[in-house]
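Analysis of the macromolecular model
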Amino acid sequence: MWERTLQDLIRGLRANKNDETKFIGQAMDEIRREIKSKDMALKAGAVMKLTYLDMLGYDMSWASFHIVEVMSSPKIHIKSVGYLGAVQSFNEDTDVLMLTTNLLKKDLSSTPADIAVTLNGVSSIMTADLARDLSPELVGMLNHSRPHIRKRAVAAMYRVFQKYPDALRHGIGRLQEKLEDSDPGVVCATVNVLCELARRDPQDYLPLAPQLFHLLTTLSNNWMLIKIIKLFCSLSPHEPRLVKKLQPPITDLISTTSAISLLYECVHTCIIGNMLQGTAGDSLARTCVSKLAAFIEDPDQNLKYIALLAMVKIVPTHPHLVAEHQDTILSSVDDEDISIRMRALDLLSALVNRDNLQSIVQQVLSHLVKPESSAIPSAVQSLSQHIIPSAPAKSPGAPSQSTAYRLVLSQRIMTMCSQNTYDNVTDFEWYLSVLVDLAYVSNVDIGAQIRDQLVDVVGRVRAARSYAVKLMVKVLSDDTFLLHAGEQGSCSEVLWAAAWICGEYCSELSAPDELIPYLLQPEIASLRSDITAVCIQSAAKLFGYWASEAAKQWTESFLEDLKKAVDIMIEQMEQFASSTQIEVQERAANVLQLLIFIKHDVAIYKPKQGNGLSDSSTAAFDPVLEPSFPKSLYLIQPLFSSHELNPVASIAQASVPVPDGLDLDAWIVPSMQDRVAEEGDDGDVIERKIKKSKKGKEKESASRTKVKSGKKKQKEGGYQEELAPQEEETAEEKAERERLKAERLERMRDDPYYIMDDRQKPPVEDVDSIPVVRLDGPLPLPKEEPRLPGLRSSASIRSTPPSFVVEREGEMPAGAVITPQPLTPVPSSRRQTPKLFDVTATPPPPLPSFQSYEVPDDELRTSTPEPIKVTRAKKKGTSTAKKKRTVKPEMKAGDEGTVVIH
């Protein structure tokens, strides 16, 4: 019978691409027949074909028992096929794995070829049970006479340690011996296994440091040196003495090696292992930074990426060294690779300080400016491009104009400036200009963040308010944000901040009435409702401040200007009062009513002549004389200037004291079970009361019939201006009615379908008894407060820059109690003895012939403090016959009653 081999199966798959499913079905039927054959070679061929089909996605778990049969073959080429099939298909849930334990033990004690095949296969099919059963045999394989067997056994031991950690007690000593093996391949495999094991618990492998240090200083294999350096990177944070010992050889490797991978691992180990501290660490840090800067200038993108990552970790300890290469780092922001640009931004964010903030922000901001369109090519250039097609030239200043990247750039600019409550900003006028420029050039949806930053800066920095108002006036007078308000990335939220700042700090304006038309122009209604509402509110603030200032300098010529301004504002407010947005409509209606009141007051105002009041301020505080200006000019301004807005501390809400008698954990409404119980108890009482008050019910029904008849007569005769006099209620009837009302309210109190109001109602006063008094005095006018230096006084260029004071703490509520945070003790980072070698069943083998490194004590501690003697107080005895023991000053450490503390 002719059998189809693996090569025939592959040719058939390529020849039947249109009907592959049918062909594979036929092949699977043939494989099922062949794998049940007693011919081991035929069975092995079937396993080979199944292994190939398994890589194509077809299941072969049904043949696991037949694979074990092939593994038990005494012929090495067939056994290899069986182990290949096991590696491909077996997992921890395979049932037949329990049948392979004796088979694996037998193969591990067979010929070297069988042992090599078994070690290769057992590393992939290792389970917890197999690791427990095979660990003695695998530990014995570590001392095999053949190097390739020892190397495979070391690799297999890693899988044993993973599945069965208790094997470390017996195997770590043998594994330590392999660091001195005569074969470099065995040593390399051992170092690799130890490097992987040390990642989980580095403290347990600190005793291996002397041997590893000897290998570091004697080997020349770059691959093994990389693994050893990685291992020291895990160990050095837990053993401070390693830092001083490793600095000379690692510095020598960094200066002499030409292998880029080894160089980077040395630099990375210096950063992670805290080797950049002290005098020797500073020189090493400078060497590392210079090497990393060379990586950034390298055309290899991978080297640029890892260099930027490493520099980010050096910045916290040596920012001045990284700052020397600021221009090189900024050039990476122009890179075509987005990942390199992102890492460069991370590095710039970590590098920024008070000295370089402005230069870094200006260069990053320049990347948001879209490049100018190139000139139109000539006819010769166009023809040459068609004849010789080439890639379009890319502008070096614009690596990417994607929306996501522009958003990241904009956010990084604000993050760099606002970190630690604007700690790095020295000129807040410059930062306000940057925020406005960012709103113009970002072209992404970042307007809300810019709005919050503008309001926060102006609220915290008083010296910047005058410049901020001047800047916001320019923003409001520019139509750019209004014209592009509906577009994506228009940053129209900046208008919210501009309107709020100009309204809140309107005292900085010399002519606030000139800004009102910009806030109430018809295009404002097309903006979002919150922006429109703030514009209306700010317009009211500006008008109130302008009116109060006009009252202080009142002349009769102001009257016509005032009437004209009020009429214009009323006309504009009427348009906003009919808005469909409830917030806009409500604010506009409120301001409109105030303006109508002012309009009527101005209309009836008559100038007073000959009253002797030349100064309006004198009349403002005179309670008898009539002022020389309309009193309604002070109507709006006190509504907004009563209290000053200040920044609030971040912990203010949590620091509000709880009032006495308030239990935040108590139920506001009692639970349903308690309420039902109370309802049942009260129901019995109410029922008894109702039975006793039968006579009162009859009176109540009689009074109800009187009321109904009165209503009927009123309905028939229509409403009259004068009602017929009713019978007066007697005192007894009034008391009875009040009693019945109290009973009804008591019943309704326990009824879940009624909501009761337990607040006491104020007593009803007789309105007719209130005397009518004519109020002829003027309205109380607010006192003039000292004003901040406004724009009107800053027309000339300032000679000296202002000193900016940032209110970082913010206001706290009255009576707030701030509880100090408890200090957490710093745990010790050094362990005295590792756990792994303490629990080793057999003592570890002796260390090699070379001497272990030692660090003199004078390097660790410059001076030893004098011991402190603590004298324990002796208990007083009941007997007076015993003499008291006195402690002599010359008592030595360790004597009775004395504790020596170092």
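Predicted model, so just to flag it, every value in this text is computed and none were measured.

**Focus: the overall build of the protein**
- Of regular secondary structure, the protein possesses 38 helices and two strands.
- For the protein, the proportion of its 902 residues judged to be buried stands at 39%.
- Here the analysis covers contacts within the protein between residues at least 6 apart in sequence; of these, 73% occur between residues at least 24 apart.

**Section: the environment of T100**
- Residue placement: T100 occurs in the loop between α5 (76-89) and α6 (101-108).
- For the pair formed by T100 and L130, sequence separation is 30 residues and the distance between their alpha carbons is 8.8 Å.
- In contact with T100, other than residues within four places in its own chain, are V68 and L130.

**Here's the deal with the nonpolar core**
- Membership of the largest hydrophobic core comes to 220 residues, with the highest contact counts inside it found for Y431 and F543.
- In terms of residues, this core owes the most to one element, helix α30 (residues 529-552), which gives 13 residues.
- Every residue in contact with F543, bar those within four places of it in the chain, is listed here: I516, L562, A565, V566, M569, L595, I598 and I636.

**With respect to the side chain of H318**
- Note that H318 resides in the loop between α17 (301-314) and α18 (319-323).
- Among residues more than four places away in sequence, those in contact with H318 are L276, G281, D282 and A285.

**Examining the pattern of salt bridges**
- Applying the stated criterion to the full structure yields 30 salt bridges.
- The salt bridge involving R132 is made with D133; its shortest N-O contact spans 3.5 Å.
- The class of D133 is partly exposed, set by a relative accessible area of 25%.
- Overlapping salt bridges, with partners in common, bring together D129, R132 and D133 in one network.

**What about helix α25 (residues 447-460)?**
- Taking 1.5 Å per residue as the helical rise, α25 with its 14 residues ought to reach 20 Å, and the 20 Å between its terminal C-alpha atoms agrees with that figure.
- Within the span of α25, buried status applies to G447, I450, R451, Q453, L454, V455, V457, V458, G459 and R460.
- Looking at the buried residues of α25, the elements they touch are α23 (403-422), α24 (428-441), α26 (465-477), α28 (494-504) and α30.

**Notes on the packing of aromatic side chains**
- Applying the stated criterion across every chain, the model contains 10 aromatic pairs.
- For the ring pair W554 and F558, a centre distance of 6.2 Å and an interplane angle of 75° mean the geometry is edge-to-face.
- Among the residues examined, W554 registers a relative accessible area of 10% and is labelled buried.
- Given the relative accessible area of 29%, F558 is considered partly exposed.

**Observations concerning a negative patch on the surface**
- A cluster of like negative charges, contributed by D513, E514, E560 and D561, occupies part of the molecular surface.
- When you line up the elements, E514 lands in the loop between α28 and α29 (516-519).

**Observations regarding the confidence of the model for the protein**
- Across the protein, the average pLDDT comes to 78, with 72% of residues at 70 or higher.
- Every residue in residues 822-835 scores below 50 in pLDDT, and together they form 17 contacts with partners more than four places removed in sequence or on other chains.

**Notes on α23**
- Taking 1.5 Å of rise per residue, the 20 residues of α23 would be expected to cover 28 Å, and the 27 Å separating its terminal C-alpha atoms lies within 8% of that figure.
- Of all the residues in α23, the buried ones are Y405, R406, V408, L409, S410, R412, I413, M414, M416, C417 and Y422.

**Observations concerning a nonpolar patch on the surface**
- Taken together, the side chains of F65, M98 and L99 make up a nonpolar region of the molecular surface, amounting to roughly 360 Å² of accessible area.
- Mapped onto the elements of the fold, F65 is located in helix α4 (residues 64-71).
- On the basis of relative accessibility, which here comes to 43%, the residue F65 falls in the partly exposed class.

**Brief notes about unusual backbone geometry**
- Notably, N274 is not glycine yet its phi reads approximately 55°, a positive angle.
- Within the secondary structure layout, N274 lies in the loop between α15 (260-272) and α16 (278-297).
- By relative accessible area, N274 is classed as partly exposed at 45%.
- The phi dihedral of T421 falls on the positive side, at around 55°, and the residue is not glycine.
- Overall, the relative accessible area of 26% leaves T421 in the partly exposed class.

Analysis parameters
Residues numbered from 1 in each chain as written. Predicted model: local features only at pLDDT ≥ 70, side-chain atom pairs only at ≥ 80, totals over all residues. Heavy atoms only, no water. Helix = DSSP H or I, 4+ residues; strand = E, 2+ residues; numbered from the N terminus. Buried < 20%, exposed > 50% of the residue type's maximum accessible area, 1.4 Å probe, protein only. Contact = heavy atoms within 4.5 Å. Core = buried A, V, L, I, M, F, W, Y, C linked by side-chain atoms within 4.5 Å. Salt bridge = Lys/Arg side-chain N within 4 Å of Asp/Glu carboxyl O. Expected span 1.5 Å × (residues − 1). Phe/Tyr/Trp six-rings, centres within 6.5 Å; stacked < 30°, edge-to-face > 60°. Patch = residues over 30% accessible without salt bridge, like charges linked within 9 Å, V, L, I, M, F, W, Y side chains within 5 Å. Areas by Shrake-Rupley, 256 points an atom, 1.4 Å probe, with all protein chains shown as cover. Lys, Arg positive; Asp, Glu negative; His and termini not counted. Charge placed at Lys NZ, Arg CZ, Asp CG, Glu CD. pLDDT = per-residue confidence, 0-100.

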